[in-house]
Amino acid sequence: MKTKKALVLAASLALTGPCGMAQDLTLRPDNIDQILDALTIEEKASLLVGGRNENFAGGNNATVGGTRDLVPGAAGTTRSVSRLGVPPTVLADGPAGIRIAPTRPGDTETYYATGFPVGTSLASSWNVDLVRNVGRAIGNEVLEYGADVLLAPGMNIHRSPLCGRNFEYYSEDPVVTGLIAAAYSNGVQDNGVGVSLKHFAANSQETNRTGVDEIVSPRALREIYLKGFEIAVKNSAPWTVMSSYNKLNGPFTQENGELLTTVLRDEWGFDGIVMTDWIGQRNTAAQVRAGNDLMEPGQDVQIQEIVEKVKSGELAEADVDKCARRMLEYIVKTPRFKGYKYSNKPDLKAHAAITRQSATEGMVLLKNNDNTLPLKDVEKISLFGITSYDFIAGGTGSGDVNKPYVVDLLEGLTGAGLEAEGSLCDLYLSYKSYMENKKEADRTGGRGWGKEILPEMPVSRTAIDKQAKISDMAVITIGRQAGEGHDRKIDDDFNLTDVERRMITDVTDAFHAQGKKVVVIINTGGVVETASWKSLPDAILLAWQPGQEGGNSVADVLTGKENPSGKLTMTWPVAAMDHPSSLNFPLSGNAGFRRRGERENVDYTLHKEGINVGYRYFDTNGVDVSYPFGFGMSYTTFSYSKPVVKAGKDGFEAHVTVTNTGAVAGKEVVQLYVSAPKGDVEKPVHELKAFAKTRTFAPGESQTLTFKVDNYSLASFNEAKSEWIADKGVYAIGFGADSRDIRCKADYRLAKTLSYPVNNVLAATRPL
Ligand code: BGC
């Protein structure tokens, strides 16, 4: 204590002003050591414990917060130490835009934020420049609404199509996940605000997410579940990472030093702060020791606990200091520390234009027989499906943005100069208002925060026959909603409901009988079953959940104003059970907090499939799929030149020239897959290692794409040796339009085996 007082004295003496008056010690980027010395243990502890959250129930009852001070509706804050000039900072959700309270008591202003396309939509653009640009717009709203950190990107792997939060995440593949997350993070952070990569790690299911122990082999962890985070950390220097709710191979991730310190900091070089997901009090000392710097949302009792444990010697003060130092290093970067005068007036109009355009680039054209799309010679459309009139911009939960409006498809088509047949519109609109007026109990799918969807309206065959006579064509929207706290079910969710099947069958039958076409729009955040009905319509457009301009974005694609260039970032299987993970996934669609026990897939989940996630399984085993990973059509066609692969000092550079061979301008995504030579471990038939997208180019034009892959990225993880190993031999490099359409190939030869040893940590705690 004596030493500390002496240091504080020295610090204040050093700050003696020109008139001999001692100035107060105040936090600056270059005096963090002094501040640390000046902080009492109570103050240091308070930096590690987030601000109280009035809406938070406490204990293990995880509820998403809404702070009332600073920025109302933000998820949380950090605490201030005002005597040393340490300000509080504000953390707000993400990912599809900033989530804050749109209206505030006693205030006539509104604070709506732009609802951008969800994660699956952004990733499906395979366009890192576009994602960075969207990130920039989102980050600008974070800055201008007075927050310091956006709790995004969500970047867990789509282990199963049934995970309720897949809409917030990007892909079944870690390279897509990592590169898209890095682009998003760089875009947000371009504004001088931070991101939080979440949820670290293996938060693969919502069912019992705060209790489940995800049992994953070190190899699957390293190659699949951690890889995306590794890529994003190394390519975007995120300010923060959010540890997940779940346990991973034993301890909660929030208390796991092997994960948060050995891997994240020591191996990958992460130098920001780690915060918990919103759980309240758990094992505070274990969290501090593990390197989990910030506990959210905070409770005073956690501060007392830290202080008492330091005093009793149970917790080393040095561990508290490490976290406190990182908190201060974080705080000095924030706009709030810098005194930024936010406007509360971001340019919502400009951002609406960004979301409208970017959503079209994530849309995936799944089918387009006889060039049904873009629409030609169509004036009057019969618009089927309740979702056409009630479009879904984004999923539910903390990822739901309080947006000013959502453009539905009716509005979008009308805005594009098309006519939606009036009597059918009237039918749907009166059903919609009837249903909306009914009680909560009559609703399906909504599950908590965010938009609920209405059950599909059955339409009689007679009414459909009439429509087929009076309209030029039909558009049907199939809508799906999912979100935080719940996983999806197979029946009536992944699979279509009977009413939806009937609608698709009757509408295609009736319209085809009149020689008229039918287009299905899928408005979803995650995968749905398509194999059983995709032969029926003439075209299928996967719109994802495209943000607040949704109806306009879809209309832009239907009319050909925009040429779709999205591709799937996950396999669309024939059946949900085709995924090997389905054998070890909660299939009930039930959520539950605070469950304790020994129930498989609830209290613990065995990732028995290891690295056989998504196309790694389907392609290696030749299993039929409905649409493969990477698939997506365009209104034009492309040819690929013979590729060139040049070996460099530490990997290779590849080039392929793409030519637009069709009749309209478009963009193509080229995926680089690598088939590795044999080694000590079994390897998938091929793995995505890089991708690139052309600019929009005209018919007849060409563009050469460049891909860079280093040798480390070619390695597989050998868990017996705890080494990444790139075996010597020939690597077959395939350039694909999707994972099953490899257009051209070249070889890369590695003369000697390379190994990259890492720490032997995170062992599975149950047999797999
Ligand atoms: C979610 C996080 C979110 C946090 C704060 C949690 O329930 O899992 O993704 O950032 O709440 O709202």
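Before reading further, recall that the structure is shown in the block above.
Figured I'd write up the structure that's included with this text. Quick caveat: nothing in here was measured; it's all calculated off a predicted structure.

## Considerations on the site of the ligand
The local shell around the ligand holds 14 residues, among which Asp93, Arg165, His199, Asp277 and Glu484 are the closest. A distance of 2.9 Å is found between an oxygen atom of the ligand and a side-chain nitrogen or oxygen belonging to lysine 198. In this structure, aspartate 277 approaches the ligand through a side-chain N or O atom, which is 2.6 Å from an oxygen atom. Of the residues in the shell around the ligand, the class split is six nonpolar, two polar and six charged.

## Focus: the sheet that holds strand 13 (residues 517–523)
Here we have six strands laid out as an open sheet, ordered 9-14-13-12-10-11, and mixed in their pairing. Both outer strands of the open sheet, strand 9 (364–368) and strand 11 (419–420), are each paired with one neighbouring strand and no more. Relative to strand 12 (residues 473–479), strand 10 (residues 380–384) runs parallel, the two being bridged by four bridges. Paired with phenylalanine 384 across the strands is isoleucine 476, a residue of strand 12. Its contacts with the sheet place helix 16 (residues 422–437) against strand 10 and strand 11, and it is angled at close to 20° to strand 10.

## Some points on the sheet that holds strand 25 (residues 723–726)
Spatially, three strands are ordered 24-25-28 in an open sheet, and the strand pairing comes out antiparallel. The open sheet has two free edges, formed respectively by strand 24 (716–718) and strand 28 (754–757), since each of these has just one partner strand. Neighbour-to-neighbour, the strand axes of this sheet turn through a mean angle of 30°, independent of strand direction. Along the sheet face, helix 7 (residues 218–225) touches strand 24 and strand 25 and points at about 160° away from the line of strand 24.

## Describing the packing of helix 17 (residues 461–470) against helix 19 (residues 498–513)
Where helix 17 contacts helix 19, the axes come no closer than 9 Å and their chain directions differ by 40°. As helix 17 packs across helix 19, the resulting crossing turns out to be right-handed. Note on element contacts: helix 19 touches helix 17 through Asp506, Val507, Asp509, Ala510 and Phe511, opposite Arg461, Ile464, Asp465, Gln467 and Ala468. In terms of residue class, the contact of helix 17 with helix 19 is made up of five nonpolar, one polar and four charged.

## Some details on the pairing of strand 6 (residues 240–243)
In summary, the side chains of a regular strand alternate between the two faces of the sheet. By the alternation rule, side chains of strand 6 split into Thr240 and Met242 and Val241 and Ser243, which are all buried. Both strand 4 (residues 194–200) and strand 6 contribute to a ladder of three bridges, which runs parallel. Considered in strand 6, the bridge of serine 196 is made with threonine 240. Judged from the four bridges that link them, strand 6 and strand 8 (residues 273–276) form a sheet pairing that is parallel. Bridge pairing in strand 8 places threonine 240 opposite isoleucine 273.

## Some details on the pairing of strand 23 (residues 702–710)
Burial along strand 23 is one-sided: Gln703, Leu705, Phe707 and Val709 are buried, while Ser702, Thr704, Thr706, Lys708 and Asp710, pointing the other way, are not. As paired strands, strand 20 (residues 651–660) and strand 23 are joined by nine bridges and run antiparallel to one another. Counted as the bridge partner of valine 656 is leucine 705 from strand 23.

## Side note on the pattern of salt bridges
Taken as a whole and assessed by the stated rule, the structure comprises 52 salt bridges. Of the charged contacts, one joins glutamate 361 and lysine 693 as a salt bridge, the two residues approaching to 2.8 Å between their closest N and O atoms. Linking glutamate 361 in helix 14 (residues 348–362) with lysine 693 in strand 22 (residues 687–693), this pair joins segments that are 332 residues apart in sequence. Classification of lysine 693 as buried rests on a relative accessible area of 13%. The residue arginine 488 makes a salt bridge to aspartate 493 at a minimum N-O spacing of 3.0 Å. Here arginine 488 falls in the buried class, since its relative accessible area comes to 3%.

What counts and how
Residues numbered from 1 in each chain as written. Predicted model: local features only at pLDDT ≥ 70, side-chain atom pairs only at ≥ 80, totals over all residues. Heavy atoms only, no water. Near = heavy atom within 4 Å. Polar contact = N/O pair within 3.5 Å; in protein donor to acceptor, adjacent residues only side chain to side chain. Nonpolar A, V, L, I, M, F, W, Y, C, P; charged D, E, K, R; others polar. Pairing = 2+ DSSP bridges. Helix = DSSP H or I, 4+ residues; strand = E, 2+ residues; numbered from the N terminus. Contact = heavy atoms within 4.5 Å. Axes fitted to C-alpha atoms, helices over the stretch in contact; angles between N-to-C directions. Left-handed = near helix turned anticlockwise from the far one by under 90°. Buried < 20%, exposed > 50% of the residue type's maximum accessible area, 1.4 Å probe, protein only. Salt bridge = Lys/Arg side-chain N within 4 Å of Asp/Glu carboxyl O.

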